[in-house]
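# Descriptive analysis of the structure
So the chains spell out like this:
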Amino acid sequence: GWLGANIQGTDKSFDPEVRRGAGAYICGEETAMLESLEGKRGMVRPKPPIPALEGLHGKPTVINNVLSFAAVPFILAEGGAAYRNYGMGRSRGTLPFQLAGNIRQGGLVEKAFGVTLRTLIDEFGGGTFSGRPVRAVQVGGPLGAYVPANQLDMPMDYEGFAAAGAMVGHGGIVVFDDSVDMAAQARFAMEFCAVESCGKCTPCRIGSTRGVEVIDKIVAGENREANLELLSDLCQTMTDGSLCAMGGLTPMPVMSAIRHFPEDFDKPARIAAE
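Notes on the structure in this doc start here. In this text, all values refer to a predicted model and were calculated from it rather than measured experimentally. (Residues numbered from 1 in each chain as written. Predicted model: local features only at pLDDT ≥ 70, side-chain atom pairs only at ≥ 80, totals over all residues. Heavy atoms only, no water.)

Turning our eyes to something else, we now look at the nonpolar core. With 36 residues, the main nonpolar core has Ile26, Met190, Leu231, Met246 and Val254 as its most contacted residues. Elements with a minimum of two residues in this core: helix H6 (182–196), helix H7 (202–219), helix H8 (224–241) and helix H10 (251–260). When residues of this core are assigned to their parent elements, the largest contribution, seven residues, is made by H6. Setting aside residues no more than four positions away along its own chain, Met246 makes contact with Tyr25, Ile26, Leu143, Phe192, Cys193, Glu196, Ser197 and Cys204. (Core = buried A, V, L, I, M, F, W, Y, C linked by side-chain atoms within 4.5 Å. Buried < 20%, exposed > 50% of the residue type's maximum accessible area, 1.4 Å probe, protein only. Helix = DSSP H or I, 4+ residues; strand = E, 2+ residues; numbered from the N terminus. Contact = heavy atoms within 4.5 Å.)

Below, the structure written as structure tokens:
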């Protein structure tokens, strides 16, 4: 009785409509999603105005993540206090973590905030598929930071991860063993942005393309220190100047790879050592 005409005997009606996504990563951004729903190309809208004031077809629009909807039945059945009892700090409730990458048992596991990466990977994922040690874990999606193995005991908490220069994001976890080339992963992040950018703002559209080129120069040993500084400046420009999180967050995996795995960006030195 909560859907359709005359909800619960009132004169209010609610008819849900499911729309298929446009296929572009950028359409996960709320304003690009609105553009797509209106039948337009998925491009980010400048804010303000925010969708709550001017959204779908110019009308005030509330946008909720599917994770929020998934929490509603439990909260209605058990109450807000019961849901709040899960989690830690300001990160309350649960999150379905997605285990992927070099892992023996991939899939979804819903746990309260505060669980550690080590617990998720070892106890629920069964360790790496290769059997080799974990070297890095990307958390929060393709724009999330790479967390090194020495931080696997950090609790999954929005504020704690942010303080460590990472993000929980939607709970995506991609595991890499000790054979991974982190310079290649940093390049992948920039390339992903270049491919998936809607192209509306210059820092994201041009910055990601230049970022791939600069990383290639660093790995090749061309003016390494100067290009590392250039890459850092470029990432700062993308963070500060991009219209949305596509360009604004791309520097996160890039800079985390440089910060935690600097040796992978010094290919000539690695070859000499070998």
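Taken N-terminus to C-terminus, the directions of H6 and H10 make an angle of 165°; their axes are 8 Å apart at the nearest point. One finds that H6 runs roughly antiparallel with respect to H10. As for how H6 packs across H10, the hand of that crossing is left-handed. Along its contact with H6, which presents Met182, Ala186, Ala189 and Met190, the element H10 presents Pro253, Val254 and Ala257. Looking at side-chain class alone, the contact of H6 with H10 contains seven nonpolar, no polar and no charged residues. (Axes fitted to C-alpha atoms, helices over the stretch in contact; angles between N-to-C directions. Parallel < 35°, antiparallel > 145°, perpendicular 65-115°, else oblique. Left-handed = near helix turned anticlockwise from the far one by under 90°. Nonpolar A, V, L, I, M, F, W, Y, C, P; charged D, E, K, R; others polar.)

In this description, a pair of aromatic rings is defined by centroid distance and the angle of the planes. As enumerated under the stated definition, the model contains six aromatic pairs in all. Look at Tyr146 and Phe176: their rings are 6.0 Å apart centre to centre, the planes differ by 70°, and that puts the pair in the edge-to-face class. Here Phe176 lies in strand E7 (residues 172–177) and Tyr146 lies in strand E6 (residues 146–148), a separation of 30 residues in the sequence. Three or more aromatic residues joined by ring pairs form one cluster here, namely Tyr25, Phe188 and Phe192. (Phe/Tyr/Trp six-rings, centres within 6.5 Å; stacked < 30°, edge-to-face > 60°.)

Another aspect to go through is the pattern of salt bridges. In this structure the tally under the stated criterion is 17 salt bridges. Close ionic contact of Glu17 with Arg19 constitutes a salt bridge, the shortest N to O distance being 2.7 Å. A residue is classified by how much of its surface remains accessible, and Glu17, at 61% relative accessible area, is exposed. Under the relative-accessibility criterion, Arg19 is labelled partly exposed at 48%. Among the salt bridges present, the one from Asp264 reaches Arg135, with a minimum N-O distance of 2.7 Å. Placement of Asp264 in the loop between H10 and helix H11 (267–273) and of Arg135 in strand E5 (residues 134–139) is noted, with a sequence separation of 129 residues between them. The pair formed by Asp264 and Arg135 is uniform in burial state, with each residue classed as buried. (Salt bridge = Lys/Arg side-chain N within 4 Å of Asp/Glu carboxyl O.)

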